[in-house]
Amino acid sequence: MVKIREKSVKTKKKRYLCTIEQKNYVEMKEKILVTGGTGFIGSHTVVELQNAGYEVVIIDNLSNSKADVVDSIEQITGIRPAFYNIDCLDFTALRLLAHKEPDIKAIIHFAASKAVGESVEKPLKYYRNNLNSLINLLELMPQFNIQGIVFSSSCTVYGQPDVLPVTEDAPIKQAESPYGQTKQICEQIIRDTVKSCSPITSVLLRYFNPIGAHPTGLIGELPNGVPQNLVPFITQTAMGIREQLSVFGDDYDTPDGSCIRDYINVVDLAKAHVHAIGRILQKKQLEPVEVFNIGTGRGLSVLELVHAFEESTGVKLNYRIAGRRAGDIVKVWADPKKANEVLGWKAQETIEDTLRSAWNWQVKLREKGVQ
Ligand code: UD1
């Protein structure tokens, strides 16, 4: 407590000096580097970080997003984050950035390839990109006195859990895809690095299924080509971009036979990162590497989600039951108790509002002529 108070007094002084010295007064806040900050989860997280008073520097190679997302972030928050078109594989560029943007206190690392199917076809792309990007950042951090890293992990590390809801202590199972492997290996790389006495700490956030969009409809998910994930496929079908949604399997061991997931609102998910950053910077971590499940704790089947979409938006969906999709887990949902109690974060949004936000985003895209 005392420590924090001292710090805020110092910060105030700094702010005051800043007003006197710079005509163009900008509040001094802790600076956070967000890799992949123009992507789906990244952009929502930048908004929440800025809303919480952090100064954000985005790096993104724009391989799966557009630079104008920075304009949308500015429209939502009134603050334009610094943006650099940098690939995390380029260590020289990362070093130059760290010189140009001194005083980065922590990193949130989103930048990664994430298409499960593509990872099976191009495993080396996934291993190179996802592992080397992380290694570069971990190498950079002590050199520039960057205290901690929040890592985007996934419930995919649990495979099909034996016990549901799944807790953070559940065993890590053999991954179904190279994408899943990279998440497991990246978690291990972070653990080994911290164990080796590198002066850094980390929070691993295991996301369940992120969906939805910002309530303004200014940022959201923009899949490349045919969406692989359920909700973008639903909204594109509802819009008439896709003819029909295939529900992959209705003969699973679940009440209605379709797979069960824990769908988490992307703004809720973004807020979990703000909590994680606070933990790192305020040195509240109980262990140097902490893991949290980021989910709602509620499992919904594919068919339940389809019906919830129809009910909450009033839009009818053309769907059919198709065969099972290879590699699908039957059912998984989170036990978010640790995140609720230790991280101090809890999912707030209802599934209805979340699905409406996804639909609103799809409608806005059509208005802009994007899709
Ligand atoms: C997968 C990954 C997860 C990753 C996420 C985002 C696994 C086990 N999970 O989640 O780690 O973070 O993608 O890329 O690797 N479905 C349909 N029709 C469709 C699309 C999906 O019925 O057109 C069903 C799927 O069979 C599944 C559910 O909807 O039961 C959710 O699928 P999806 O949105 O692709 O996410 P996951 O596969 O759960």
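For the structure, see preceding data.
Keep in mind the model is a prediction, meaning the values are calculated, not measured. (Residues numbered from 1 in each chain as written. Predicted model: local features only at pLDDT ≥ 70, side-chain atom pairs only at ≥ 80, totals over all residues. Heavy atoms only, no water.)

Student: What should I look at first to understand the site of the ligand in this one?
Tutor: Every one of the 21 residues lining the ligand counts as a neighbour, but Leu230, Ser246, Arg261, Arg325 and Asp328 are closest to it. Between an oxygen atom of the ligand and a main-chain N or O atom of Phe248, the distance comes to 2.9 Å. Taking Arg261, its side chain carries an N or O atom lying 2.5 Å from an oxygen atom of the ligand. At the level of elements, helix H8 (230–239) and strand S8 (245–248) are the ones that each hand at least two residues to the shell around the ligand. Ranked by residue count, the leading element in the shell around the ligand is S8, at four residues. Considering only residue class, the shell around the ligand consists of 11 nonpolar, six polar and four charged. (Near = heavy atom within 4 Å. Polar contact = N/O pair within 3.5 Å; in protein donor to acceptor, adjacent residues only side chain to side chain. Helix = DSSP H or I, 4+ residues; strand = E, 2+ residues; numbered from the N terminus. Nonpolar A, V, L, I, M, F, W, Y, C, P; charged D, E, K, R; others polar.)

Student: Looking at this structure, I do not really get the pattern of salt bridges. What am I missing?
Tutor: Pairs can form between side chains of opposite charge once their charged atoms are near each other. In total, this model carries 14 salt bridges according to the counting rule given. Of the charged contacts in the structure, one is a salt bridge between Glu118 and Lys122, with a shortest N-O distance of 3.7 Å. Across the salt bridge formed by Asp251 and Arg324, the nearest N and O atoms sit 3.0 Å from each other. Placement of the pair is Asp251 in the loop between S8 and strand S9 (260–261) and Arg324 in the loop between strand S13 (319–322) and helix H11 (337–343), with a sequence separation of 73 residues. (Salt bridge = Lys/Arg side-chain N within 4 Å of Asp/Glu carboxyl O.)

Student: Teacher, can you tell me more about the sheet that holds strand S6 (residues 201–207) here?
Tutor: Pairing between sheet strands relies on hydrogen bonds along the backbone, with the strands arranged either parallel or antiparallel. Spatially, S3-S2-S1-S4-S5-S6-S11 is the arrangement adopted by the seven strands of the open sheet, whose pairing is parallel. The open sheet is flanked by strand S3 (82–85) and strand S11 (289–294), the only strands paired with a single partner. Mean inter-strand twist for the sheet, computed between neighbouring axes without regard to direction, equals 20°. The sheet strands contacting helix H7 (residues 178–195) are strand S5 (148–154), S6 and S11, and the helix crosses S5 at an angle near 155°. (Pairing = 2+ DSSP bridges. Axes fitted to C-alpha atoms, helices over the stretch in contact; angles between N-to-C directions. Contact = heavy atoms within 4.5 Å.)

Student: Would you explain the environment of Thr77 in this entry?
Tutor: Here Thr77 lies in helix H3 (residues 69–77). Residue classification places Thr77 among the buried residues on the basis of a relative accessible area of 18%. A sequence separation of 29 residues divides Thr77 from Glu48, and the C-alpha atoms of the two residues are 8.8 Å apart. Excluding anything up to four places from it in sequence, Thr77 contacts Val47, Gln50 and Asn51. Side-chain polar atoms of Thr77 contact the backbone oxygen of Ile73, separated by 2.9 Å. (Buried < 20%, exposed > 50% of the residue type's maximum accessible area, 1.4 Å probe, protein only.)

Student: Would you mind going over the packing of H8 against helix H10 (residues 302–313) with me for this structure?
Tutor: The relative placement of two packed helices is expressed as an angle between their axes plus a distance between the axes. Two numbers describe how H8 lies on H10: the axes approach to 11 Å, and their chain directions differ by 40°. With respect to their mutual orientation, H8 and H10 come out oblique. Crossing angle aside, the handedness with which H8 passes H10 is right-handed. Taking contact as the criterion, the partners of Leu230, Val231, Ile234, Thr235 and Ala238 in H8 are, on H10, Val302, Leu305, Val306 and Phe309. Partitioned by chemical class, the residues of the contact of H8 with H10 number eight nonpolar, one polar and no charged. (Parallel < 35°, antiparallel > 145°, perpendicular 65-115°, else oblique. Left-handed = near helix turned anticlockwise from the far one by under 90°.)

None of the figures reported here should be taken as evidence of function without further support.
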